[in-house]
Amino acid sequence: MSERSADGRGGTTGTAGAPDGEAAGGAAPPGEGPGALLGPADVRELATALGVRPTKQRGQNFVIDANTVRRIVRTAEVRPEDTVVEIGPGLGSLTLALLEAAGHVTAVEIDDVLAAALPTTVAARLPERADRFDLVHSDAMLVTELPGPAPTALVANLPYNVAVPVLLHMLATFPTIERSLVMVQSEVADRLAARPGNRVYGVPSVKAAWYTEVRRAGAIGRNVFWPAPNVDSGLVSLVRRPGPPETTASRAEVFAVVDAAFAQRRKTLRAALAGWAGSAAAAEAALTAAGVSPQARGESLTVEEFARIAEHRPR
């Protein structure tokens, strides 16, 4: 990975990750040198050659530490049989590390300059694996199909302001993605991995839980980026569940309940779901039928409980 973009359009990347409690940017294991990966000088030279300059306006930060991207690949448990999709490869720091480990890598990049340059970088630094790489020049939120084998893993440094929508879109669109490891702003990582009852538990937590088992997978140091960001970052691991919760309600119906419950999260569900149900009384009836207290709040419910509520929406 190499760049993070906060413009909301998906041209992102960069990242670093360590297992829980392990700082990023440590020494490589014996026998594991930088190899074809990009180091600080490489990143700056590429950026200069392309006329790309990291800007605060776009929230761009390039990863300059090869050990960091190797650690991300290990944390993601990328295997030779995996087909990995990467969102926002930027200059290719993470892309190259993924290509060393995976059977195939498909990168989705919206930026015109970065998308045009990446295949050349791959061919120059990993020529023996260039035929295992595909580039999709598009906004990740618009991608509905990918070239090559169906993806089995998603590894990416997601743009902070659209991280959750992009992640949920990919999980919904590509059910073959079994494992995901994403780098996001630390606060977003906390929200994604939060459990019911946690003060940051909310819409991202519930919707991610519809698809996957979620956990924090490490903290990211700022010193592995150029320029260093002003916020901390975190890795989140998401492993696909065997299936969504058993329910007669559709995903859209369940997510509508989730959105309504957290739109007014300080209110009881009886009040928060009044608009969704048609009235407070109708909301109370639906909640009671679902076995959920009308006085409860959304932050205390599991995704399964939201599904039960959706089943009892007044028709």
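For the structure itself, look to the data block above.
Within each chain, residue numbers correspond to sequence positions counted from 1 in written order. Only residues with pLDDT of 70 or above have their local features reported here, since the model is predicted, and side-chain atom pairs are shown and tallied only from 80 upward, although totals for entire chains, interfaces and linings are computed over all residues. The side-chain figures draw on all heavy atoms in the structure; neither hydrogens nor water molecules are used.

> Provide a residue-level description of the packing of aromatic side chains, including the pertinent values.
Pairing of aromatic rings covers Phe, Tyr and Trp, the last counted by its six-membered ring, and requires centre-to-centre distances within 6.5 Å; plane angles under 30 degrees mean stacked, over 60 mean edge-to-face, and any other angle means tilted. By the definition in use, this model includes 4 aromatic pairs. The interplanar angle of 80 degrees and the centroid separation of 6.4 Å between the aromatic rings of tyrosine 211 and phenylalanine 255 together place this pair among those described as edge-to-face. In this pair, tyrosine 211 is assigned in helix H7 (residues 203-211) and phenylalanine 255 in helix H8 (residues 251-263), connecting sequence segments 44 residues apart. Three or more aromatic residues joined by ring pairs make a cluster, and in this case those are Tyr201, Phe262 and Phe306. The helix count covers DSSP runs of H or I at least four residues long, the strand count covers runs of E at least two residues long, and both are numbered beginning at the N terminus.

> Outline the side chain of threonine 212, supporting the account with residue identities and numerical values.
With respect to the element layout, threonine 212 can be found in strand S7 (residues 212-220). At a separation of 2.9 Å, a polar atom in the side chain of threonine 212 contacts the main-chain carbonyl oxygen of alanine 208. Throughout, a contact is declared for two residues whenever any of their heavy atoms are within 4.5 Å. Those residues within four positions of threonine 212 in sequence are excluded, and the remaining contacts are Leu171, Leu238, Val239, Arg240 and Arg241. Here a polar contact is taken to be a pair of N or O atoms separated by no more than 3.5 Å, where protein atoms must pair a possible hydrogen donor with a possible acceptor and residues adjacent in sequence count only if both atoms sit in side chains.

> Which residues make up the packing of helix H2 (residues 66-75) against helix H3 (residues 93-101), and what are the values?
Interhelical geometry of H2 versus H3 gives an angle of 50 degrees and a closest axis separation of 9 Å. With respect to their mutual orientation, H2 and H3 come out oblique. Considering how the two elements wind past one another, H2 and H3 form a crossing that is right-handed. Counted together, Val69, Arg70, Ile72 and Val73 of H2 and Ser93, Leu94, Ala97, Leu98, Glu100 and Ala101 of H3 form the full contact between these two elements. When grouped by side-chain class, the residues that make up the contact of H2 with H3 number 7 nonpolar, 1 polar and 2 charged. The angle between two axes is taken between their N-to-C directions and runs from 0 to 180 degrees, where each axis is a line fitted to C-alpha atoms and a helix contributes only its stretch in contact. Reported orientations rely on four angle classes, namely roughly parallel under 35 degrees, roughly antiparallel over 145, roughly perpendicular from 65 to 115, and oblique for the rest. Crossing handedness is defined as follows: a turn of the near helix away from the far one that is anticlockwise and smaller than a right angle gives a left-handed crossing, while the clockwise case is right-handed. Think of it as three bins: nonpolar holds Ala, Val, Leu, Ile, Met, Phe, Trp, Tyr, Cys and Pro, charged holds Asp, Glu, Lys and Arg, and polar takes everything else, Gly as well.

Purely geometric numbers; function is a separate question.
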